[in-house]
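So the chains spell out like this:
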Amino acid sequence: MLDHFSITVIDALAVIVATAGLYWMFVLLVRLLGQRALARMSSTDLAVIIVLGAVIGRAALGDTPVLAAGILAMITLFAMQALAGQLRRLIRTAWPLSNAPLLLMAGTGFVEEHLRRIHLDEEELWPKLREAGIRHRSEVAAVILEPTGEISVLRRGIPLDRSLLADVRGVEHLPDELFADA
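Scope of this entry: the structure provided in the associated data block. Remember, it's a predicted structure, so these values are computed and weren't measured experimentally. (Residues numbered from 1 in each chain as written. Predicted model: local features only at pLDDT ≥ 70, side-chain atom pairs only at ≥ 80, totals over all residues. Heavy atoms only, no water.)

## Description of the overall build of the protein
From N to C terminus, the protein includes 6 helices and 4 strands. Secondary structure elements of the protein occur, N-terminal to C-terminal, as α-α-α-α-β-β-α-α-β-β. The buried share of the protein, reckoned over its 182 residues, is 32%. Long-range contacts, defined here as pairs at least 24 residues apart, represent 61% of the contacts in the protein between residues at least 6 apart. (Helix = DSSP H or I, 4+ residues; strand = E, 2+ residues; numbered from the N terminus. Buried < 20%, exposed > 50% of the residue type's maximum accessible area, 1.4 Å probe, protein only. Contact = heavy atoms within 4.5 Å.)

Below you can see the structure in the form of structure tokens.
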């Protein structure tokens, strides 16, 4: 019975190293595959995430999971998340830890190279435009994929403030007439 609760020091270290490695590999894969992985989840995406969680959990805990290993894996995941947060604050660019906002639409036109880069189709943006109350493409000033995976839709009408878009990759695609200083 106690075997279900105890863990050796070597096994504990293995759980910590495996969990930390899996965490950083996950962060790297999300970074390499783009924000789209977080942008819009279909039922298939949700199923894949559940399976991914099971695979990571099984790999982190080893052949015979015990309570102590599960607790160590959870503590390690929270510690990695805290460490990632600290690194983001210390390193401004934080390349492996976050994505810069990315311009997807500049006015009525799509930024095709950015859509290709994140493996997003124009048709996948239509629901976000409708959610934002866009009735016609001429109402769009910009569509931006945020670092969180959310999609922001900026409307035409009130001129844009350049400082709000300073960190957006592809901002040079926006027509000058959309800005307050134009």
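## Quick word on the sheet that holds strand β2 (residues 109-110)
Strand order in the open sheet formed by 4 strands is β2-β1-β3-β4, with antiparallel pairing between adjacent strands. Of all strands in the sheet, those bounded by a partner on one side alone are β2 and β4 (151-155). The pairing of strand β1 (residues 102-106) with β2 spans 2 bridges and is antiparallel. Bridging from a neighbouring strand, Met105 pairs with Phe110 of β2. Those strands touched by helix α6 (residues 122-131) are β1, β2, β3 (140-145) and β4, and its axis lies near 65° from that of β4. (Pairing = 2+ DSSP bridges. Axes fitted to C-alpha atoms, helices over the stretch in contact; angles between N-to-C directions.)

## Regarding a nonpolar patch on the surface
Together, Val9, Leu13 and Ile16 make up an exposed nonpolar region whose accessible area comes to about 270 Å². Relative to the helices and strands, Ile16 resides in helix α1 (residues 9-33). Taking the relative accessible area as the measure of exposure, Ile16 reaches 32% and is therefore partly exposed. (Patch = residues over 30% accessible without salt bridge, like charges linked within 9 Å, V, L, I, M, F, W, Y side chains within 5 Å. Areas by Shrake-Rupley, 256 points an atom, 1.4 Å probe, with all protein chains shown as cover. Salt bridge = Lys/Arg side-chain N within 4 Å of Asp/Glu carboxyl O.)

## Here we look at the side chain of Lys128
With respect to the element layout, Lys128 can be found in helix α6. With a relative accessible area of 14%, Lys128 lands in the buried category. Excluding residues that lie within four positions of it along the chain, Lys128 makes contacts with Glu150, Ile151 and Val153.

## Re α6
Among all positions of α6, only Glu124, Leu125, Pro127, Lys128 and Leu129 are buried. With its phi angle positive at about 80°, Gly133 sits one or two positions after the end of α6.

## What about the nonpolar core?
Core analysis: the largest hydrophobic core is formed by 15 residues, its most contacted members being Leu104, Met105, Leu125, Leu129 and Val143. Going through the elements one at a time, β1, α6, β3 and β4 are the ones with two or more residues in this core. With residues near it in sequence (within four places) discarded, Leu104 still touches Gly109, Phe110, Val111, His114, Leu115, Ile118, Leu120, Leu125, Val143, Ile144 and Leu145. The next biggest cluster of nonpolar side chains, apart from the first, holds 12 residues, and it includes Ala106, Ala142, Val168 and Phe179. (Core = buried A, V, L, I, M, F, W, Y, C linked by side-chain atoms within 4.5 Å.)

## What to know about the side chain of Glu124
Summarising the element assignment, Glu124 is placed in helix α6. Polar side-chain contacts of Glu124 include one of 2.8 Å to the backbone nitrogen of Asp121. (Polar contact = N/O pair within 3.5 Å; in protein donor to acceptor, adjacent residues only side chain to side chain.)

## A word on the pairing of β4
As paired elements, β3 and β4 share 5 bridges and run antiparallel to each other. When the bridges of β4 are listed, Ala142 appears paired with Leu154. A loop of 5 residues connects β3 with β4, the two strands running antiparallel in sequence, and Gly149 in this loop sits at a positive phi of about 100°.

Keep in mind that these numbers describe shape and distance, not what the molecule does.
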